[in-house]
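Spelled out, the chains give:
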Amino acid sequence: MGLAEPLELQRRVAAVLAYLALEGPTPKYRLAGLLWPGSGEDTARNNMRQLLRRLRVATGADLVLGGDVVSLSERVSTDAVELESHVFAGRHSRALALAGSLLGTLDFDDCPDFEAWVLRAREQLEALRCRAARTEADTREQQGNLAGALHFAERLLVLDPLSEEAYRRLMRLLYLSGDRMAALNLFERCRKMLFEEYGATPHPDTLALVRDIERGQVRPRAPGSPTSRTLPLSVLRPPVLVGRAWEWAQLEAAWESRQLILLLAEPGVGKTRLAHDFAASKGRYTVFAARPGDVDVPYSLFVRNIREIFSERPEIPQGLEPWIRRELARLMPELAPGEEVPPMRNEGERVRCLDAYSEVLRRCTEGLACFITDDVQFADSASLEMGAYAYARFHTAGTFPVIIDCCRRGELNGEAQVIHQRLEASGLAVTLNLEPLSPDAVGELLSSLDLPDAVSLSKELTRYTGGNPLFITETLKHLMESGSLERGWPERLPPPGRVRQLIQQRLERLSPLALQLAQVAALALMEFNLELAGEVLEVSPLSFAQPLRELEAAQILRGERFTHDLVLEAVRSSLPAALGALLHRRLAHQLELRRAAPGVIAQHWLDGGEPRRAVPFLLAAAQVEESHLRRAEAATNYGRAAAILESLGEVEEAARLRSRSPSV
């Protein structure tokens, strides 16, 4: 801590400071419940107040700030957060110079939930140290500095003594440094460790390395050579759609009835692939893809995709009637430069607005056979409502393409459910549930890939992945990158279905700047572009050329979008909480300068641990909703802003906001 004289902290005081340092602003009641789990709520809260008072008296400063939600003062610095910052910024040597374990030897067995948090946090910090040592070893080896690589490989094995990969790395570097006997002795240590800890024998990769060491066939990596293999495109998008004959027949029946089709499936089962292949079989089609973050901005899905169509077909906006252009200018001000469109005053004006939007959508999809809305679980309700309005309005006339909506099972939001139920009740829509592949279909999928060694693993892949196509391809990527595919099924993998852990291992092989770029993309969501990432990371966007190639080769990004939303989620989880909050604050600041949608800015300030700075943007978002007569959404944003003010003690201002909230 930043005190002039060392101060030995009491156990729970240290716990509060550690938790706030790594997790950011936290409701006081949550901390009290973690640290006094056996006490009543009132007793726990009183204990927390007394703890914070003692800390203030002992230090002579307010190190913990806030009322119902507390956070650390900016004057407080911690070595744990410094470690995270150094690794994030690529200062790996400085990160490894920070020794010690989170909260040292303090015991929290009387606080089981807090103890579980400490164990998880320690694991995350140790994983960061391992990543730093691994990266430094790779960097020095690629520079031809074997002594430096050896030093960090030894450090890595100390940090992760149960890692067979760490043993292999050090064995290879010992041999390359001229100490063949030490490399072979280390193999014997590895063999003993595996038997004692896991009851297992060495991995085929380890045995192959030992044979190469014995024969003198180990070669150093060429300076600057990549450490990972390029993944074939076939595992990103298998060339053949397999195992979907029954579902295809169901789609054909719905197509003949010109019903809206809702495809539901677990993540990775292949709903998007099925929708694309089926639509392509019917003729020309377009895709409106919802993105994480859309839900915070009304009409974001509609506006983003309509703007793309307008840029490709300028004759459409040029041919719009004045009244349509004026209504559309509510969402796209560039259509009526210098003109201020007044808010809607009644339901009649709202219907007129929906008529305009739906007419624009009809003209943009004219001549198409099919219209896919992908990742509906991320879509804003205003866009979905407008799409349903257009479909109901033009369906009977046959002037609107067939719609296929793709959504994760169980994640369709309340309003979207109501819309689809209403359409189904009127016979205009049908729901189709997509299941994982059968064992025979898995074998057919593997046969379609240009990977001869994969076919023999059909049984193991079916069992391990449950027939989920994305899990299958992610597992194949892992086996290829680890060099295991041609040697048969490995003895040790993460638990079945834990595809995020396999993606996480792929992330660990990225260069620091490539990982940082992916992490900014995962937080910026629909606002992401290279210019924004450069401002947030304080580097020139031109420096992203190689990291982008690296991310595309690793099949993390395709252009400026993630290859799959599960990959996005894995990237987000790779970011420590404190650094994630820092990036959210930087994003909020940059998006303010860019005048982004207020709901987006507000969410970044909230995720960045600055709720007070989110308040004006929540109010602005509420006013946008009010201007479209979306009273329920406006009331929600007014309520969120009022709750923040109440937690900060600004009770009168909170009451004033609640009085402004529209009745629903």
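Preceding this section is the structure that the text describes.
Residues numbered from 1 in each chain as written. Predicted model: local features only at pLDDT ≥ 70, side-chain atom pairs only at ≥ 80, totals over all residues. Heavy atoms only, no water.

Draft legend 1. Structural detail: empty space enclosed by the protein. Overall, the coordinates contain three cavities of 30 Å³ or more when judged by the stated rule. A volume near 230 Å³ is recorded for the largest cavity. Those elements that provide at least two residues to the lining of the largest cavity are α13 (300–312), β6 (370–374), α17 (381–394), β7 (402–408) and α18 (414–425). Here the lining of the largest cavity gets five residues from one element, more than from any other, and that element is α17. (1 Å grid on protein atoms, 1.4 Å probe; cavity = no way out; pocket = protein on both sides within 12 Å on 5 of 7 lines; lining within 4 Å. Points joined across faces, edges and corners; volume = space filled by probe spheres on them. Helix = DSSP H or I, 4+ residues; strand = E, 2+ residues; numbered from the N terminus.)

Draft legend 2. How the structure looks around the sheet that holds strand β5 (residues 285–289). Pairing is parallel across the open sheet formed by five strands, whose spatial order is β5-β6-β7-β4-β8. Edge positions in the open sheet fall to β5 and β8 (429–433), since each of these has one partner strand only. The average angle at which neighbouring strand axes cross in this sheet is 20 degrees, direction not considered. Pairing of strand β4 (residues 260–265) with β7 involves five bridges; the strand directions are parallel. Considered in β7, the bridge of L262 is made with D405. Docked against the sheet, helix α12 (residues 271–282) engages β4, β5, β6 and β7, running at close to 170 degrees with respect to β7. (Pairing = 2+ DSSP bridges. Axes fitted to C-alpha atoms, helices over the stretch in contact; angles between N-to-C directions. Contact = heavy atoms within 4.5 Å.)

Draft legend 3. Representation of helix α29 (residues 598–607). Across the 10 residues of α29, seven count as buried, placing the element largely inside the fold. If you check which residues of α29 are buried, you get P598, G599, V600, I601, A602, H604 and W605. Buried-residue contacts for α29 involve α24 (512–524), α28 (577–593) and α30 (611–627). The positive-phi residue at the C-terminal boundary of α29 is G609, with phi of around 80 degrees. (Buried < 20%, exposed > 50% of the residue type's maximum accessible area, 1.4 Å probe, protein only.)

Draft legend 4. Broad picture of the layout of surface pockets. Estimated volume of the second largest pocket: approximately 1400 Å³. As for the second largest pocket, its lining consists of 49 residues, and the residues nearest its centre are V297, P298, L331, A597 and V624. When residues of the lining of the second largest pocket are traced back to their parent elements, those giving at least two are α13, α18, α29, α30 and α31 (631–647).

Draft legend 5. Here's a closer look at the environment of E569. Relative to the helices and strands, E569 is located in helix α27 (residues 565–573). You can call E569 partly exposed: its relative accessible area is 23%. It is 9.8 Å that separates the C-alpha atoms of E569 and I503, two residues lying 66 residues apart in sequence. At 2.7 Å, the side chain of E569 and the side chain of R408 are in polar contact. (Polar contact = N/O pair within 3.5 Å; in protein donor to acceptor, adjacent residues only side chain to side chain.)

Draft legend 6. Summary view of the packing of aromatic side chains. Across all of its chains, the model carries 11 aromatic pairs by this definition. Measuring from ring centre to ring centre gives 4.9 Å for F108 and F114, while their planes differ by 65 degrees; the resulting arrangement is edge-to-face. Given the relative accessible area of 2%, F108 is considered buried. Members of the aromatic cluster, joined through ring pairs, are Y19, F108, F114 and W117. (Phe/Tyr/Trp six-rings, centres within 6.5 Å; stacked < 30°, edge-to-face > 60°.)

Draft legend 7. Expanded view of the pairing of β7. Summarising burial for β7: seven of the seven residues are buried, a large majority. Because side chains alternate across β7, one face comprises the buried residues V402, I404, C406 and R408, and the other comprises I403, D405 and C407, equally buried. As defined by bridge partners, β6 adjoins β7 across four bridges and the pair is classed as parallel. Pairing of I372 across the sheet is with I404, part of β7. Viewed along the sheet, the connection from β6 through α17 into β7 turns out right-handed. (Right-handed = clockwise from strand over helix to strand, strands pointing away.)

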